[in-house]
Every structure is written in structure tokens, then in C-alpha cells.
Amino acid sequence: MSEESANGAATTAEAAGPVFTVEKIYVKDVSFEVPGAPAVFNEQAQPQLQMNLQQAVQRLNDNAYEVILGINLTCAIGDKSVYVAEVKQAGVFGLSGFDAATLDGMLGVHCPTVLYPYARQLISDLIQAGGFPPFFLQPINFEALYAEGLRQRAAQQANDGASLAGAETAGNA
């Protein structure tokens, strides 16, 4: 794909090395619910928060990927839901010139790291607009989450390989 000039030097972007660009950042989906309003505003007990993260990646073309960072935050007092905030913050990222492992890391670490501050601010704004005190999500170490995911995938593959090997041995016995 690279063209060479008269002196033999590559003249395309590939010669410059890997390229990462942020093409677009947008909110894909948002929901905020206060199912017990207005009675919930009189509750005096300490609320419990539960946060769930999800990530989805879709390849759009050779060098473009949509990454969606989903955050679900549930605030409850006992078994009563105080509020539920759900945000799917998305972005289109251009990535080219990366080997497969590095590309996977960029999509699993760098892209969510770019999206998180936008999702964090939106959740904070939703909670405050819902009549609750401001709430700021703490920073997230996406590199550590990615490393844990890799470890779990490797363990799963090792278990799958062991069970397949065991099944083959049992079948051949």
C-alpha cells in the first residue's frame, strides 16, 4: 500500500507509524429514573451505590472503530431503588498501523479512557438534575481492568483446552 519515491523512501502514513485519532464523541443512549419520587427524597438512610461497566467495540471499516462505554449506576436504600442512571458514551476512533495485540489494547484501554470523562460528567449532571446532591464517579484504571480481562480470557482458554484434551482422551480410551 505504501508508495516509494525515487530515493526508495515510503511516502504514506504507514511510514510514520501507528496513527490514533478521535473522529467523534457522542452519547449513544441515556436514561435516568427516580422510581420512588417524591417519597424517596424524604429517606434518611445511607444509600448503597452499585456501578456496572460494559464495553462494546464495532469495526466500521479498515481503520475506524466505534467504542461504546456503558455505565449503569444504581442507588438504593435497602431494597428500594432511589435512582438508576444509565449512560452509553460512544466514540468513533481511527486506528491504523497497530499490530493485533496493540490494537486490542488501544480499543480496551485508551478508547474507554478517552470516553470516561464524558460519561462521568453526564452521569453527574443527570443525578444533580434529578434532585440529588452532586455525585462524581471516581477515576477508573482501564489498564488494570484490561489486564484482568486478558488474565480471565487466558484462564478460560486454558480451561477450555484442558476440557477438550480430556474429552479427546476419554473418547479415544
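The shown structure was predicted, so the numbers you read here are calculated from the model rather than taken from an experiment.

(A) Geometry of the overall build of the protein chain. A count of helical and extended segments in the protein chain gives two helices and four strands. Order of helices (α) and strands (β) in the protein chain, N terminus to C terminus: β-β-β-β-α-α. Relative to its full complement of 173 residues, the protein chain shows a buried share of 27%. Sequence-distant contacts in the protein chain: of pairs separated by 6 or more residues, those separated by 24 or more amount to 66%.

(B) Fine view of the pattern of salt bridges. Within this structure, the stated rule accounts for four salt bridges. Residue Lys-80 is joined to Glu-43 by a salt bridge in which the shortest nitrogen-to-oxygen separation is 2.8 Å. On the criterion of sequence distance, the pair formed by Lys-80 in strand S4 (residues 80–96) and Glu-43 in the loop between strand S1 (19–33) and strand S2 (48–61) is long-range, its members being 37 residues apart. Overall, Lys-80 belongs to the partly exposed group, its relative accessible area being 46%. The exposure class of Glu-43 is partly exposed, given its relative accessible area of 31%. Put simply, Glu-148 and Arg-151 hold a salt bridge, and the shortest N to O gap is 2.6 Å. Here Arg-151 and Glu-148 lie together in helix H2 (residues 142–172), a separation of three residues that amounts to about one turn. The class of Glu-148 is partly exposed, set by a relative accessible area of 33%.

(C) Main features of the nonpolar core. Core analysis: the largest hydrophobic core is formed by 29 residues, its most contacted members being Ile-71, Leu-73, Val-82, Tyr-83, Leu-95, Leu-107 and Ile-123. At eleven residues, the largest contribution of residues to this core is made by helix H1 (residues 100–129). Here Tyr-83 is in contact with Phe-32, Glu-33, Val-34, Pro-35, Leu-49, Leu-73, Thr-74, Cys-75, Ile-127 and Phe-132, once residues within four sequence places are set aside.

(D) Expanded view of the sheet that holds S4. Pairing within the open sheet is antiparallel, and its four strands lie in the order S1-S4-S3-S2. Two strands bound the open sheet, and with one partner strand each, they are S1 and S2. Each adjacent strand pair in this sheet contributes to an overall mean axis angle of 15°, direction not counted. Where strand S3 (residues 64–77) lies against S4, 14 bridges are found, and the strand directions are antiparallel. Along S4, the bridge assignment pairs Ala-76 with Ser-81.

(E) View of H1. The end-to-end C-alpha distance of H1 is 42 Å, a good match for the 44 Å that 30 residues give at a rise of 1.5 Å each. The sharpest bend along H1 reaches about 35° and sits at Met-106. For H1, the side-chain oxygen to backbone nitrogen distance between the N-cap and Ala-101 is 3.1 Å, and the N-cap itself is Asp-99. Of the residues trailing H1, Gly-131 is marked for its positive phi of about 95°.

(F) Layout of unusual backbone geometry. Residues Ala-37 and Pro-38 are joined by a peptide bond in cis, for which omega reads 0°. With respect to the helices, strands and loops of the structure, Pro-38 is situated in the loop between S1 and S2.

(G) Examining the side chain of Glu-66 more closely. One can find Glu-66 in strand S3. Side-chain polar atoms of Glu-66 contact the side chain of Lys-28, separated by 2.9 Å. Look past the residues within four positions of Glu-66 in its chain and what remains in contact with it is Tyr-26, Lys-28, Ala-56, Val-57, Gln-58, Leu-60, Ala-90, Gly-91 and Val-92.

(H) Quick peek at the packing of aromatic side chains. Evaluation of the coordinates by the stated rule reveals five aromatic pairs. Ring geometry for Tyr-83 against Phe-132: centres 4.9 Å apart, planes inclined by 50°, an arrangement best described as tilted. In this pair, Tyr-83 is assigned in strand S4 and Phe-132 in the loop between H1 and H2, connecting sequence segments 49 residues apart. For Tyr-83, a relative accessible area of 4% gives the class buried. Looking at Phe-132, the relative accessible area reads 12%, which means it is buried. Aromatic side chains Tyr-116 and Phe-142 sit 5.7 Å apart centroid to centroid with 70° between the ring planes, which places their arrangement in the edge-to-face category. Of this pair, Tyr-116 sits in helix H1 while Phe-142 sits in helix H2, and the two are 26 residues apart along the sequence.

How each quantity is defined
Residues numbered from 1 in each chain as written. Predicted model: local features only at pLDDT ≥ 70, side-chain atom pairs only at ≥ 80, totals over all residues. Heavy atoms only, no water. Helix = DSSP H or I, 4+ residues; strand = E, 2+ residues; numbered from the N terminus. Buried < 20%, exposed > 50% of the residue type's maximum accessible area, 1.4 Å probe, protein only. Contact = heavy atoms within 4.5 Å. Salt bridge = Lys/Arg side-chain N within 4 Å of Asp/Glu carboxyl O. Core = buried A, V, L, I, M, F, W, Y, C linked by side-chain atoms within 4.5 Å. Pairing = 2+ DSSP bridges. Axes fitted to C-alpha atoms, helices over the stretch in contact; angles between N-to-C directions. Expected span 1.5 Å × (residues − 1). Bend = angle between axes of the 7 residues up to and from the residue. Polar contact = N/O pair within 3.5 Å; in protein donor to acceptor, adjacent residues only side chain to side chain. Phe/Tyr/Trp six-rings, centres within 6.5 Å; stacked < 30°, edge-to-face > 60°.

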